[in-house]
Structures are given as C-alpha cells and as structure tokens.
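Close look at the chain arrangement
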Amino acid sequence: MKPETAAIHALNLVKSATGDVSMPISLSTTFLRDEDGGYPGGHMYSRMSNPNRAALENVITALEFGADTCAFSSGNTAGMSIFQALKSGSHIIAPDDMYWGLKKQLLSIFNETLTFDFISLIDVDKIESFIKPNTVMIWAETPSNPLIKITDIEALAKICKAHKLILAVDSTFASPTLQNPITLGADIVMHSTTKYIGGHSDVLGGSLTTATKNEFWERVKNIQQNGGAVPSPFDCFLLLRSIKTLAYRMKGHCENAMKLAQYLEAHPKVEAVYYPGLPSHPQHDVAKKQMKDFGGMLSVLVKGDAATARKVVNTVKVFAQATSLGGVESLIEHRASVEGPDTKTPQNLIRVSVGLEHIDDLIADFEQALG
Ligand SMILES: *Cc1c(COP(=O)(O)O)cnc(C)c1O
C-alpha cells in the first residue's frame, strides 16, 4: 500500500457489532477471558496492549516498512526506552546536533550507566575512529534540530553493519511519509508523534519501529509493557485520526517551507537559511537521495545578534512564538534562549515550523517583522 492508503487502512479495524467506520475509543483497562483462559479479543490488560494502541502501532509499522512498533506516552520516553534497553557500560555515538531534551536525558539520566560521544555524523569517514570495543549503537537524527543537518542514513547503515552496531534514527523532522530509515538500512526508527504525526499541537506521544523482531526489540517491548509509559486509548485515537491526513499535510508543509526558504534566502537582512530543499544546503544531494520532499522545518540566521533575532520573533503576528513543531499553525522561536546558557546554537538563529496557512500570509508576516 502507498502511504496515503496505508495511513487510512493499515490499522486493521476489527469489525464491530455496530459497524463503526471510524474506530471507537476502547477505554476498558481489562479484557474478558474465555473458558480456556485465553483472550479471544487478543488483549489482556491495557498496559500490555489495547485495541487503539494496537491500531496505531499497526499503521506506523506499515508507514515505516517495519516489523513491529511500540507506541509511548512521549517522544522522550521512546528514546529513553532504547537507552534503557542497552546493557550498562555500553558506549553510544550520538550526533553533535541533537534534540536537546534527549541529549539532556543522556547527560543527566544515563550518565552513570552509559558512555557517549556527541560527534558530527555528516563526515561519515570520520565516524569509525570513534567506535570503541563497547560501542553498541549509533543514534542519528535527520533532519537534525535545530541546524537542520542531513545525515546519510545509507552510509551510516553500512558502518553499523560492518561493526555490528544498532542504527537508531530519530526521524521526527521528516515524518514517515517523507523518509523511511528502515528501507535505507536502519534498525530502529523513532518519532515524537507529538509533532507531524499528531500534527495539531494537542497530543503528546512517541513511537519506535523495528526492522526485525530480534532480542534487542524484545528488551524494548518489555520496557514498553512493564515500564508502562504508554499512551492512553484517547491519545491513540487522536493520533490515528491525525495520521489519516499526514501525507497531505506534509505536502502542504513542504510546499510552504520551500517557498518561505527561498524568500528568506534572498532577503538582505538574512545571513543564512538552513533548509535541505535549497541547493545551497551543504547536504542537499543527500536529502534529495533519501527524502521524498524536504519537510516543514527551517532555521534562519538573521544578520545581527540575539536581540535582532528576538525582535523578529516578537514582531511576527501570524507565527506563534512557541516551541515544538509539526502542527498546522506556524511556530517560531529563538532557539538559543529555549536551550539555555550552555547552548551551542547560534544566538541569531530563529527556528521556524512552517504550518499550513497560506504562504502569502506567512511571507508578508516575515516581511513586516524583518522590516
Ligand atoms: C520533540 C522531539 C523529541 C521529543 O519528543 P516529546 O514528544 O516532546 O517527548 C525528540 N526528538 C525530536 C527531533 C523532537 O522534535
């Protein structure tokens, strides 16, 4: 099935007595056993599995061309479940430009059980020199936050295969309809479903999808089911409802982001625009190779300092000044002040999540704010 179709039909809707076309929310925490002690509905207790979560996991598995998916209550819990599944003493290689909440998790929660190097994953040739005897995983994020760097997933997968490392890819910025890391050789794909999959800034969630059901995946699944950081049936219902329009929302995000990026790149008050769809982007060719389109996220460096950037985010009217991304409404933020004093993010960087408003209104808003 093509993604547009899978998004609508891959949930494996069970025929209900009332003939629902849209899947109902199943709130029951526990499920009836039959005389033999079995579970005729396929579910025992809703932390372990439930109809709405199973449907969500089925759809994401289909969209990512994987073997199985675990849904979580947030993107960070999805990431945490991977790190928890690693044996203590393991070393992981992670990107220098990484979602700060997950980086903070590694540095403040896993600092006693794991070791890590945060390096550039752009120069693939240099990565092997960081592999140690206890290295077990490369964690990648592409496009990355907030510098919108693109990592060559296929090249990374070759290194991981050669050294028997797990390759996990945070593919949140791309969404499953623009990029499928498993088809490029990754072992695990992660999403913060809070972002494009949810798409309306009203539900928090995360997912992991595996290429194969192996021993490591069993450890992850055990953490999901017995750790219990799972999304509620209502969260799953919202995500399933959103996912049906994902492919079409992504087309709109990509079209708007491309036009806004082109406009900004030509603006005299702009120093640089980071958007993988622009030929000026250093990894434009890699993005063209591994993505169907270039996504809705861009970062712009204004000519000036933090104050100049702050002035722009305070002057826009259509863009909402808020963190997060992937919703129908355009969001703008001065990223360095979100990340705090230790950040390496340039002080004149503005991160933009391009929404689904009319592009003319978005450009006019920047025009008056850059004034
Ligand atoms: C938001 C985000 C996360 C964390 O997800 P939450 O749902 O906020 O926990 C992880 N990675 C990326 C790239 C994100 O944008």
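Reading the values: rules and limits
Residues numbered from 1 in each chain as written. Predicted model: local features only at pLDDT ≥ 70, side-chain atom pairs only at ≥ 80, totals over all residues. Heavy atoms only, no water. UniProt positions renumbered as here; feature names shortened; annotations may be inferred. Helix = DSSP H or I, 4+ residues; strand = E, 2+ residues; numbered from the N terminus. Polar contact = N/O pair within 3.5 Å; in protein donor to acceptor, adjacent residues only side chain to side chain. Contact = heavy atoms within 4.5 Å. Buried < 20%, exposed > 50% of the residue type's maximum accessible area, 1.4 Å probe, protein only. 1 Å grid on protein atoms, 1.4 Å probe; cavity = no way out; pocket = protein on both sides within 12 Å on 5 of 7 lines; lining within 4 Å. Points joined across faces, edges and corners; volume = space filled by probe spheres on them. Nonpolar A, V, L, I, M, F, W, Y, C, P; charged D, E, K, R; others polar. Pairing = 2+ DSSP bridges. Axes fitted to C-alpha atoms, helices over the stretch in contact; angles between N-to-C directions.

The protein chain carries the name Aminotransferase class I/II-fold pyridoxal phosphate-dependent enzyme in an unreviewed UniProt entry, which gives Pedobacter planticolens as its organism. Listed in UniProt under the heading Sequence similarities (unreviewed entry), the comment for the protein chain reads: "Belongs to the trans-sulfuration enzymes family."

Among the secondary structure elements, S81 is positioned in helix α3 (residues 75-85). Reaching out from S81, the side chain makes a polar contact with the backbone oxygen of T77 at a distance of 2.8 Å. Not counting the four nearest positions on each side in its chain, S81 is found in contact with F72, L208, V220 and I223.

On to unusual backbone geometry, then. Comment: phi is negative for the bulk of residues other than glycine, and the bulk of peptide bonds are trans. The omega torsion across T142 and P143 is -10 degrees, close enough to zero to call that bond cis. Relative to the assigned elements, P143 resides in the loop between β4 (135-141) and α5 (153-163). The omega torsion across N145 and P146 is 0 degrees, close enough to zero to call that bond cis. Looking at where P146 falls in the secondary structure, it is placed in the loop between β4 and α5. For F65, which is not glycine, the phi torsion reads 55 degrees and is therefore positive. Residue position: F65 is located in the loop between α2 (51-63) and β1 (68-72). We note that K164 has phi near 55 degrees; this positive angle belongs to a residue other than glycine. Assignment of secondary structure puts K164 in the loop between α5 and β5 (166-170).

Along the polypeptide, W217 turns up in helix α6 (residues 215-227). By relative accessible area, W217 is classed as buried at 0%. For the pair formed by W217 and I188, sequence separation is 29 residues and the distance between their alpha carbons is 9.0 Å. The contacts of W217, once residues within four sequence positions are left out, are D68, T69, C70, I188, L208, T209, T210 and T212.

Right, let's talk about empty space enclosed by the protein for a bit. Space left empty within the atom packing is revealed by a probe, the size of a water molecule, rolled over the atoms. Counted according to the given criterion, the structure contains two cavities of 30 Å³ or more. Residue lining of the largest cavity: P95, D96, D97, L121, I122, E141, S144, K149 and T151, and that is the complete set. Classifying every residue of the lining of the largest cavity by side-chain character gives three nonpolar, two polar and four charged. The calculated volume of the second largest cavity comes to roughly 30 Å³. Along the walls of the second largest cavity sit P143, I148, F173, P276, F294, G295, G296 and M297, which together make up its complete lining. Across the lining of the second largest cavity, the residue classes tally to six nonpolar, two polar and no charged.

The next thing to look at is the layout of surface pockets. Within this model, the largest pocket holds a volume of roughly 480 Å³. Every residue lining the largest pocket is counted, 19 residues in all, and those nearest its centre are K103, E339, D342, T343 and K344. Top element by residues in the lining of the largest pocket is helix α4 (residues 100-108). It accounts for five residues. Looking at the lining of the largest pocket residue by residue, the classes come out as six nonpolar, five polar and eight charged.

Looking now at the sheet that holds strand β12 (residues 349-353). Taken together, the five strands give an open sheet; going across it, the order is β8-β9-β12-β11-β10, and neighbouring strands pair in mixed fashion. Every interior strand has two partners, whereas the edge strands, β8 (270-274) and β10 (320-321), have only one. Bridging between β10 and strand β11 (residues 331-334) involves two bridges; their strand directions are parallel. Across the sheet, the residue bridging to Q321 is I332, located in β11. Strands in contact with helix α10 (residues 306-315) are β9 (297-302), β10, β11 and β12; relative to β11, the strand with the most contacts, it is inclined by about 155 degrees.

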